[in-house]
Amino acid sequence: MREISASIIEKSVEELFLKANAILPPSLENKIRQGESLETETLPKSIFCDMCKNLDAAKNLDIPICQDTGMAVLFCELGQDVRITDGDFNEAVNNGVKKAYLDGKMRCSIVSDPLKRVNTGDNTPALIHLSLVPGDKIKFTAAPKGFGSENMSKIKMFTPSATVDDIIDFVVDTVKSAGSNPCPPVVLGVGIGSDFEGVALLSKKALCRDIDVRNQDDFYKDIETRILNEVNKLNIGPQGFGGNITALAVNIEKAPTHIAGLPVAVNVGCHVTRHAEITI
C-alpha cells in the first residue's frame with residue numbers, strides 16, 4: 001500500500017489546469033501550424049496565421065490560450081493500492097482547481113445551480129470522473145472544456161439497424177449545424193456504444209486522446225478517416241469563414257452496448273481542445 005498525501009493531489013491538480021489552459025498538446029499545435037500552408041484562399045490562411053500568433057502569445061505571456069478557460073473536467077485513474085492521507089480526495093481536487101483559477105487569473109465560469117445561475121466565484125466544483133485501476137499510482141487528465149463547443153455536442157440513440165453511413169451522416173450533420181459556433185477547425189470526439197450516459201463519457205474521453213493516435217481497430221480507424229474527409233468537405237473552415245479545414249481530427253472510442261441499442265455521441269471540441277496529464 002502506497003500513501004499519497006491530499007496536499008500532493010491538490011498541488012498536482014493546480015499545476016495541471018494551469019498547464020492545460022496555457023499550452024496545447026504538441027500534436028494539436030502542429031496541426032494548427034500546418035493549417036496555413038494547407039489552405040488555398042487568403043482569408044483562411046490569415047486566420048490560421050492569427051491562431052498561431054495566439055498560441056505564441058499564450059506561451060510568451062504565460063496566459064490562457066482562450067478567454068473561456070472552461071469547466072474543470074478531471075479524469076482520475078486511482079490505483080487500488082493507493083491510500084490517500086491527510087485529507088479528503090474531492091476536497092483536494094477542488095482546492096487545486098480553485099487555486100489554479102484564482103491565482104492563475106483564469107475566468108471562473110461555474111454556477112452553483114443551473115437555473116438560479118449564481119457564480120461560485122472559483123470555478124469549482126470540478127467534474128471528476130474516477131475509475132479504480134491496478135497499481136499504486138494516480139493518473140490525472142485535466143480537460144478544461146469551454147462551452148462554445150460543448151453546446152454544439154449531440155447524442156443520438158440509434159437502433160441496431162443503423163449503418164456506418166448513418167453514423168457518419170449524424171456526425172457530419174452535427175458539425176454542419178454547429179457552423180462557426182464552436183470556433184473551428186474542430187476536434188471531434190465520437191463515442192459509440194455503452195448507454196445514454198456512458199456514450200457521452202466515451203466521446204469526452206475521445207477528445208483527450210492524442211490526435212496523432214488513431215483507433216487501434218482498423219475498422220474504426222477507417223471510420224475516423226471517412227468522417228474527417230466528409231467534415232472537411234463542408235467548407236466551414238477556420239472560424240467559419242470558409243476553407244479546406246473544418247476539422248483537425250476525429251477520435252472514436254467504443255464500448256459494449258445492449259442488443260437493442262446503438263448509442264452515438266459527438267463531443268465537439270474547438271481548435272484549442274485542451275488536455276494535459278500527470279501521474280503521481
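These notes cover the structure that comes with them. (Residues numbered from 1 in each chain as written. Predicted model: local features only at pLDDT ≥ 70, side-chain atom pairs only at ≥ 80, totals over all residues. Heavy atoms only, no water.)

Spatial strand order, E6-E9-E7-E8: four strands in an open sheet with mixed pairing. In this open sheet, the two edge strands, each paired with only one partner strand, are strand E6 (154-158) and strand E8 (247-257). Between one strand axis and the next, the sheet turns through 15° on average, direction left out of account. Where strand E7 (residues 186-194) lies against strand E9 (residues 262-269), six bridges are found, and the strand directions are antiparallel. (Pairing = 2+ DSSP bridges. Helix = DSSP H or I, 4+ residues; strand = E, 2+ residues; numbered from the N terminus. Axes fitted to C-alpha atoms, helices over the stretch in contact; angles between N-to-C directions.)

On to the sheet that holds strand E5 (residues 138-142), then. An order of E4-E2-E5-E10 is seen for the four strands of this open sheet, with the pairing classed as mixed. Since the sheet does not close on itself, it has two edges, and those belong to strand E4 (127-133) and strand E10 (276-279), each with one partner. Direction aside, the axes of adjacent strands within the sheet are offset by 15° on average. As paired strands, strand E2 (residues 73-79) and E5 are joined by five bridges and run antiparallel to one another. Counted as the bridge partner of Phe75 is Thr141 from E5. Where helix H4 (residues 89-103) meets the sheet, its contacts fall on E2, E4 and E5, and the angle it forms with E4 comes to roughly 135°. (Contact = heavy atoms within 4.5 Å.)

A surface patch of nonpolar side chains, amounting to about 290 Å² of accessible area, comprises Ile155, Met157 and Phe196. On the secondary structure map, Met157 appears in strand E6. On the basis of relative accessibility, which here comes to 45%, the residue Met157 falls in the partly exposed class. (Patch = residues over 30% accessible without salt bridge, like charges linked within 9 Å, V, L, I, M, F, W, Y side chains within 5 Å. Areas by Shrake-Rupley, 256 points an atom, 1.4 Å probe, with all protein chains shown as cover. Salt bridge = Lys/Arg side-chain N within 4 Å of Asp/Glu carboxyl O. Buried < 20%, exposed > 50% of the residue type's maximum accessible area, 1.4 Å probe, protein only.)

Geometry of an aromatic ring pair is reported as the spacing of the ring centres plus the angle between the planes. As enumerated under the stated definition, the model contains four aromatic pairs in all. Between Phe17 and Tyr101 the ring centres are 6.3 Å apart and the planes differ by 50°, which places this aromatic pair in the tilted class. You can see Phe17 sitting in helix H1 (residues 6-22) and its partner Tyr101 sitting in helix H4, a full 84 residues away along the chain. Judged by its relative accessible area of 0%, Phe17 is buried. (Phe/Tyr/Trp six-rings, centres within 6.5 Å; stacked < 30°, edge-to-face > 60°.)

The next subject is the side chain of Thr174. Structurally, Thr174 is set in helix H6 (residues 164-178). Here the side chain of Thr174 touches Phe170 through a polar contact of 2.8 Å, landing on its backbone oxygen. With residues up to four places along the chain from it excluded, the contact list for Thr174 reads Met152, Lys154, Val266 and Val268. (Polar contact = N/O pair within 3.5 Å; in protein donor to acceptor, adjacent residues only side chain to side chain.)

So, about the pattern of salt bridges. Per the counting criterion, the structure on display carries 17 salt bridges. Between Asp56 and Arg33 there is a salt bridge, with its nearest N and O atoms 2.6 Å apart. Of this pair, Asp56 sits in helix H3 (residues 42-61) while Arg33 sits in helix H2 (residues 26-38); the two residues are 23 residues apart in sequence, bridging distant segments of the chain. Each of Glu29, Arg33, Asp56 and Lys59 takes part in a single network of salt bridges with overlapping partners.

Turning our attention to the packing of H6 against helix H8 (residues 218-231). Two elements in contact, H6 and H8, have axes separated by 10 Å at closest approach and are oriented at 40°. It follows from the interaxial angle that H6 and H8 lie oblique. By crossing handedness, the relation of H6 to H8 is classed as right-handed. Taking contact as the criterion, the partners of Val164, Asp165, Ile168, Val171, Val172 and Val175 in H6 are, on H8, Phe219, Ile223, Arg226, Ile227, Glu230 and Val231. (Parallel < 35°, antiparallel > 145°, perpendicular 65-115°, else oblique. Left-handed = near helix turned anticlockwise from the far one by under 90°.)

Here we take up the state of the cysteines. Between two cysteines, a covalent bond joining their sulfur atoms is known as a disulfide. All told, the structure shown has zero disulfides when counted by the stated rule. For the unlinked cysteine Cys52, the closest cysteine sulfur is that of Cys49, found at 6.6 Å. Its relative accessible area of 11% is what places Cys52 among the buried residues. Here Cys270 is not cross-linked by a disulfide; its sulfur's nearest cysteine counterpart is in Cys66, at 6.0 Å. (Disulfide = S-S within 2.5 Å.)

This part covers the environment of Cys76. Within the secondary structure, Cys76 is located in strand E2. Exposure remark for Cys76: the relative accessible area of 1% places this residue in the buried category. With 54 residues separating them in the primary sequence, Cys76 and Ala22 have C-alpha atoms 21 Å apart. The residues touching Cys76, leaving out its near neighbours within four places in the chain, are Phe89, His129, Leu130, Ser131, Ile138, Lys139 and Phe140.

In short, shape yes, function no, at least from these values alone.
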